[in-house]
Amino acid sequence: MKPPTNAALLHDVDIPTKKATFGMGCFWSNDSLFGATPGIIRTRVGYAGGTTKNPHYRNIGDHTEVIELDYDPKTVTFEELLDIFWANHEYGLTTKLKRQYQSMILYHDEEQRKVAEQSYNKMQARCNEPLRTEIAPADAFYAAEDYHQKYRLQGHKDLCRSLGLDSSKLQTSHLAARLNGYLVGVGGRSQFEEEVNKLGLSEKQADYVRHEIERNEGGGLAC
């Protein structure tokens, strides 16, 4: 019989959020990077920015791999998310790439458009080559297959089982987003300790995460 899941686990956070959508290369790395960023409530990876209907990983069409974020604007601003965006492109900002890995900001309202364009202009002034970042309105978002969601976390199968994580929670769980970053060292030990009591983890689960943070902190996030 499957043991009961700890009801204290912080899968659901019900507060007002805003959305942000970025294309920064391979979406596995971005899922971990943003997942452990303060103010991020939920993350999901998928395909957007194109016209192909119902894309999937083996037939992405003219879409791009993107990360879609639900964030708390009282804790982190869109400008701060853009700072992370500009600093963490796996394949660079000026390199010509296939559409799948396009650098992209998909804005959700007029304010985001203005802020994105201002941020783009500041970054372009610092670059010797033309930026290849596309800024466009957010349209249809197609969630990627389950095996892409929280990819790093899913590599820890026993932990996932103990957390009661299944496909229904991979795109919605706050805890899953946080651990998907912490387990590869994003955020670091001190940040984890600041919030570990809120996450509802057992001491055994928390010690497991601590070990992985110490093992991986400072390492790269390349896919």
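All of these numbers come straight from a predicted model, not from anything done at the bench. (Residues numbered from 1 in each chain as written. Predicted model: local features only at pLDDT ≥ 70, side-chain atom pairs only at ≥ 80, totals over all residues. Heavy atoms only, no water.)

Asks: Please explain the sheet that holds strand E3 (residues 64-71) as it appears in this structure.
Replies: Two orientations exist for strands paired in a sheet by backbone hydrogen bonds: parallel and antiparallel. With mixed pairing, the six strands of this open sheet are ordered in space as E5-E4-E1-E3-E2-E6. If you trace the sheet from one side to the other, it starts and ends with strand E5 (134-137) and strand E6 (142-143), each paired once. In this sheet, E3 lies alongside strand E1 (residues 18-23) in antiparallel orientation, the contact comprising five bridges. Following the sheet pairing, Lys-19 is matched in E3 by Asp-70. Along the sheet, helix H2 (residues 78-87) contacts E1, strand E2 (40-48), E3 and strand E4 (104-107); its crossing angle with E1, the most-contacted strand, is approximately 15°. (Pairing = 2+ DSSP bridges. Helix = DSSP H or I, 4+ residues; strand = E, 2+ residues; numbered from the N terminus. Contact = heavy atoms within 4.5 Å. Axes fitted to C-alpha atoms, helices over the stretch in contact; angles between N-to-C directions.)

Asks: Would you mind showing me how to read the packing of helix H6 (residues 174-182) against helix H7 (residues 188-199) here?
Replies: Each pair of packed helices can be summarised by the angle the axes make with each other and by the distance between the axes. For the pair H6 and H7, the least separation of the axes is 12 Å and the interaxial angle reads 155°. Between H6 and H7, the angle is such that the two are roughly antiparallel. Remark: the crossing between H6 and H7 carries left-handed chirality. Along its contact with H6, which presents Leu-175, Arg-178 and Tyr-182, the element H7 presents Gly-188, Gln-191, Phe-192, Glu-195 and Leu-199. (Parallel < 35°, antiparallel > 145°, perpendicular 65-115°, else oblique. Left-handed = near helix turned anticlockwise from the far one by under 90°.)

Asks: In this structure, what is going on with the packing of aromatic side chains? I would like to understand it.
Replies: Taken as a whole, this structure holds nine aromatic pairs when the rule is applied. Centre to centre, the rings of Trp-86 and Tyr-120 are 6.3 Å apart; their planes meet at 55°, and the pair counts as tilted. With Trp-86 in helix H2 and Tyr-120 in helix H3 (residues 110-126), this pair connects stretches of sequence that are 34 residues apart. When its relative accessible area of 7% is taken as the criterion, Trp-86 is described as buried. Taken together through their ring pairs, the aromatic side chains of Phe-22, Phe-34, Phe-78, Phe-85, Trp-86 and Tyr-120 make up a single cluster. (Phe/Tyr/Trp six-rings, centres within 6.5 Å; stacked < 30°, edge-to-face > 60°. Buried < 20%, exposed > 50% of the residue type's maximum accessible area, 1.4 Å probe, protein only.)

Asks: When you look at the UniProt feature "domain: Selenoprotein methionine sulfoxide reductase A helical" (unreviewed entry) in the protein chain in this model, what are you seeing that I'm missing?
Replies: The UniProt record annotates "domain: Selenoprotein methionine sulfoxide reductase A helical" (unreviewed entry) at residues 164-214. The span residues 164-214 is 65% helical and 0% strand by assignment, and the distance between its end C-alpha atoms comes to 24 Å. (UniProt positions renumbered as here; feature names shortened; annotations may be inferred.)

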